[in-house]
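Working through the structure, step by step
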Amino acid sequence: MYGSDRLDSLKHSLKLLVNKLRPPNKASIVSYAGSAGVVLEPTSGGNKAKILAATDKFEARGSTAGGEELKLAYKMTEHSKINSGINRKLLVTDGDFNVGISSDEELKAFVTTEKE
């Protein structure tokens, strides 16, 4: 995500998305820029300021352990899943998964398994 235009575009797009969230919606953010970790625990769409504050902290750095973060994203989704609702994951990446699961086939297999 190096390059201010990429990161600025991401932040702008997420701001548009966050402004569409409603209180029953939930948003979580997992980062894999340099290190794996939870940036935002499941948060109500009614708390837009908290969600936007988390996105404002995004910065490009380090390697991309995309596979590990996908695992963490699926784990977080299980904790905030709405059984009768629509549950989605949004992956934003520069496409450079260079640590851990990195091949297209490994990623497809992982997502297919998790989807089941």
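In short, a report on the structure. Every chain's residues receive numbers from 1 upward, in the order its sequence appears when written. Since the coordinates come from a predicted model, pLDDT governs what is reported: local features require at least 70, and pairs of side-chain atoms require 80 or more to be given and counted, while whole-chain, interface and lining totals use all residues. To get the side-chain values, all heavy atoms of the structure are used, and hydrogens and water are removed first.

Section: helix H2 (residues 48-56)
- What H2 keeps buried is the set Ile 51, Leu 52, Ala 54 and Thr 55. Take H2 and look down its axis: the buried residues cluster within an arc of 155°, on one side only. Residues Ala 49 and Asp 56 are exposed on H2 and point more than 90 degrees away from its buried face. Under the scheme applied here, a residue whose accessible area is under 20% of the maximum for its type counts as buried, over 50% as exposed, and between as partly exposed, the area being computed with a 1.4 Å probe on protein chains only. Think of it this way: any DSSP run of H or I at least four residues long counts as a helix, any run of E at least two long counts as a strand, and we number them from the N terminus. To be clear, the arc concerns the directions from the helix axis to the C-beta atoms.

Observations regarding the pattern of salt bridges
- A pairing counts as a salt bridge when a side-chain nitrogen of Lys or Arg comes within 4 Å of a carboxyl oxygen of Asp or Glu. Counting across every chain of the model gives one salt bridge.
- With a closest N to O distance of 3.9 Å, Glu 105 and Lys 108 form a salt bridge. With Glu 105 and Lys 108 both in helix H4 (residues 104-115) and three residues apart, this pair spans about one turn of that helix.
- The class of Lys 108 is exposed, set by a relative accessible area of 51%.

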